[in-house]
Amino acid sequence: MFTSKQTQSCGFGNRHCKHSGSGGRPDNAVGFTCEGTFALRKKNRFLEELDPDLAEQGVTAEEWQEVRETLTEAWGAIFKKQFRDAIQELNEKMFAPKNCVAVYAEYGKGMAAMTIYTKEVFDSFPE
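Caption draft 1: Structural context of helix 2 (residues 61-74). Counted at 1.5 Å a residue, the expected span for helix 2 with its 14 residues is 20 Å, and the 20 Å between its end C-alpha atoms agrees. Those residues of helix 2 not exposed but buried are Trp64, Val67, Arg68, Leu71, Thr72 and Ala74. Buried residues along helix 2 sit against strand 1 (31-34), helix 1 (52-56), helix 3 (81-95) and strand 3 (111-118).

Spelled out as structure tokens, the structure:
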């Protein structure tokens, strides 16, 4: 029914998740966090712990906590622009210097997430 795409430029539909319906970190990613099940309280979102693969790229527990807080503040149930902008800022500030690329991910019917790849893996995706 739904597929989850992995391209450098995909801008619509389910993308950058292991499962298009339920999300999850793709096997070729080093990090992933998502809004979880639909709930109205922001504090119940982006709860994933720091992935050991992402820690190997140099992301610390303190930085990961900052990532989670940033995404929680930027999250919106309907409009995702502020959330996407926050991911871009995190790329510039934190992930690019660690040779990683964070992307907006989506699963289900508009559930927001962020997936992090090494730059090498991201560069291997088609445009």
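Caption draft 2: Quick look at the pattern of salt bridges. A full pass over the atoms with the stated rule returns eight salt bridges. The partner of Lys80 in a salt bridge is Glu35, with the nearest N and O atoms 3.7 Å apart. In this pair, Lys80 sits in the loop between helix 2 and helix 3 while Glu35 sits in the loop between strand 1 and helix 1, placing the two residues 45 residues apart along the sequence. On the basis of relative accessible area, Lys80 is assigned to the buried category, the value being 11%. The exposure class of Glu35 is buried, given its relative accessible area of 1%. A salt bridge links Lys81 to Asp85, with the nearest nitrogen and oxygen atoms 2.9 Å apart. Of this pair, Lys81 and Asp85 are both found in helix 3, four residues apart, which corresponds to roughly one turn of the helix. Judged by its relative accessible area of 59%, Lys81 is exposed. What you see here is one network of salt bridges that share partners, running through Arg25, Asp51 and Asp53.

Reading the values: the criteria
Residues numbered from 1 in each chain as written. Predicted model: local features only at pLDDT ≥ 70, side-chain atom pairs only at ≥ 80, totals over all residues. Heavy atoms only, no water. Helix = DSSP H or I, 4+ residues; strand = E, 2+ residues; numbered from the N terminus. Expected span 1.5 Å × (residues − 1). Buried < 20%, exposed > 50% of the residue type's maximum accessible area, 1.4 Å probe, protein only. Contact = heavy atoms within 4.5 Å. Salt bridge = Lys/Arg side-chain N within 4 Å of Asp/Glu carboxyl O.

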